[in-house]
Amino acid sequence: MSSPSKRREMDLMKLMMSDYKVEMINDGMQEFYVHFHGPSDSPYHGGVWRIRVELPDAYPYKSPSIGFINKIYHPNVDEMSGSVCLDVINQTWSPMFDLVNVFEVFLPQLLLYPNPSDPLNGEAAALMMRDRASYEQRVKEYCEKYAKAEDVGAAPEEASSDEEMSEAGYDSSDDAVAGPVDP
């Protein structure tokens, strides 16, 4: 049986070798960001979210902590903190699951099949139950406003136009704009 730290290392490497962009936080392997794309055939399609993942010391025996950094409109995600209400991760986690499962199965399932009866965002849950079309429109508005690729650190060439980059609040200093002076 391998140690939790060895398993953490293996799962993280497997995630990094998959199609997900992973950004490490600090030097440890316990905290990192993953860029997650909304599933096709959903109102979240086209959205890109930066997900913060924290692996507990007891990982894989204890579930990872998952949170959305940029805003998402969803009944089971707290709009302010980005915390995810996800039973599979929080309550029914098993050491048989790994990090790739979180991004290929658990999060897509959460977005495709929201549970408005157990909400962290009461407004989203109420709108979803009352008027599904308006709910899906609000989801798309949030995707457009908060979940564009450039909002999560994509390279500028991935942006669709210069105008979108300026709307994203691109912040730069004079040094970063000009670069070093040619001799």
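Keep in mind it's a predicted model, so treat the numbers as computed, not measured.

Reading the values: rules and limits
- Along each chain, numbering runs from 1 in the same order as the chain's sequence is written.
- A pLDDT threshold of at least 70 governs which residues receive local features in this predicted model, and a stricter bar of 80 or more applies before side-chain atom pairs are shown or counted, although totals over entire chains, interfaces and linings include all residues.
- Computation of side-chain values: all heavy atoms of the structure, hydrogens and water removed.
- By the criteria applied, helices consist of DSSP H or I runs no shorter than four residues and strands consist of E runs no shorter than two, each listed in order from the N terminus.
- The buried label applies to any residue whose accessible area, calculated with a 1.4 Å probe on protein chains only, is under 20% of its type's maximum; exposed applies above 50%, and partly exposed to all values in between.
- In what follows, a contact means two residues having at least one pair of non-hydrogen atoms within 4.5 Å.
- Computed by Shrake-Rupley with a 1.4 Å probe, the accessible areas treat only the displayed protein chains as cover when residues are assessed.
- Confidence of the predictor at the level of single residues is captured by pLDDT, which takes values from 0 to 100.
- Here a pair means two rings of Phe, Tyr or Trp (six-membered ring of Trp) with centres within 6.5 Å. Their orientation is stacked below 30 degrees between planes, edge-to-face above 60, and tilted elsewhere.
- Note on geometry: axes are lines fitted to C-alpha atoms, helical ones only across the stretch in contact, with angles between N-to-C directions running from 0 to 180 degrees.
- Geometric relationships in this document are graded by angle, where less than 35 degrees denotes roughly parallel, more than 145 denotes roughly antiparallel, 65 to 115 denotes roughly perpendicular, and other angles denote oblique.
- UniProt positions are given in the numbering used here, feature names are shortened, and annotations may be inferred rather than shown by experiment.
- A pair of strands is treated as paired once DSSP finds two or more bridges between them.
- Within 3.5 Å is the distance limit for a polar contact, defined as a pair of N or O atoms, with the added protein rule that one can donate a hydrogen and the other accept it, and that residues adjacent in sequence qualify only through two side-chain atoms.

Colleague: An account of the overall build of the chain is needed here, citing residue identities and associated values.
Modeller: Secondary structure assignment for the chain yields seven helices and four strands. Starting at the N terminus and ending at the C terminus, the chain contains elements arranged as α-β-β-β-β-α-α-α-α-α-α. Every one of the 183 residues in the chain was classed for burial, and the buried ones make up 40%. Pairs at least 24 residues apart make up 53% of the contacts formed inside the chain by residues separated by at least 6 positions. Accessible surface, the chain: about 10,600 Å² in total, of which carbon and sulfur atoms supply 49%.

Colleague: Lay out the confidence of the model for the chain with the relevant residues and their values.
Modeller: Scored by pLDDT, the chain has a mean of 82; 80% of the residues are at 70 or more. Below a pLDDT of 50 lies the segment residues 154-181, which in the model reaches 12 contacts outside its immediate sequence neighbourhood of four places, other chains included.

Colleague: An account of the packing of aromatic side chains is needed here, citing residue identities and associated values.
Modeller: Applying the stated criterion across every chain, the model contains 11 aromatic pairs. With 6.3 Å between their ring centres and 85° between their planes, Trp-49 and Phe-68 make a pair best called edge-to-face. Taken together, the residues span a long stretch of sequence, with Trp-49 in strand β3 (residues 48-54) and Phe-68 in strand β4 (residues 65-68) at a distance of 19 residues. An identical accessibility class is assigned to Trp-49 and Phe-68; each is buried. When the ring of Tyr-73 is compared with that of Tyr-135, the centres are 6.0 Å apart and the planes differ by 40°; the resulting orientation is tilted.

Colleague: How would you summarise the packing of helix α4 (residues 122-130) against helix α5 (residues 132-146) if you had to cite specific residues and measurements?
Modeller: Interaxial distance between α4 and α5 falls to 5 Å at its minimum, and their mutual angle equals 135°. As the angle between them shows, α4 and α5 are arranged oblique. Where α4 abuts α5, its residues Glu-123, Ala-124, Leu-127, Met-128 and Arg-130 lie against Arg-132, Ser-134, Tyr-135 and Arg-138.

Colleague: Describe the UniProt feature "active site" (unreviewed entry) in the chain, and please don't skip the residues or the numbers.
Modeller: Residues annotated by UniProt as "active site" (unreviewed entry) correspond here to Cys-85. With respect to the secondary-structure elements, Cys-85 resides in the loop between β4 and α2 (87-90). Given the relative accessible area of 18%, Cys-85 is considered buried. Not counting chain neighbours up to four residues away, the residues in contact with Cys-85 comprise Asn-76, Asn-90, Leu-110, Asp-118 and Leu-120.

Colleague: Outline the sheet that holds strand β2 (residues 31-37), supporting the account with residue identities and numerical values.
Modeller: Overall, antiparallel pairing links the four strands, which are arranged β1-β2-β3-β4 in an open sheet. Two strands lie at the open edges of the sheet, namely β1 (22-24) and β4, each paired on one side alone. Mean inter-strand twist for the sheet, computed between neighbouring axes without regard to direction, equals 25°. Looking at chain direction, β3 and β4 are connected through four bridges and run antiparallel. Residue pairing in the sheet places Arg-52 in a bridge with Gly-67 of β4. Along the sheet, helix α3 (residues 99-112) contacts β2, β3 and β4; its crossing angle with β2, the most-contacted strand, is approximately 50°.

Colleague: Outline the environment of Gln-30, listing residues and values.
Modeller: Relative to the helices and strands, Gln-30 resides in the loop between β1 and β2. Gln-30 sits 34 residues away from Pro-64 along the chain, and the two C-alpha atoms are 9.3 Å apart. At 3.0 Å, the side chain of Gln-30 forms a polar contact with the side chain of Asp-57.

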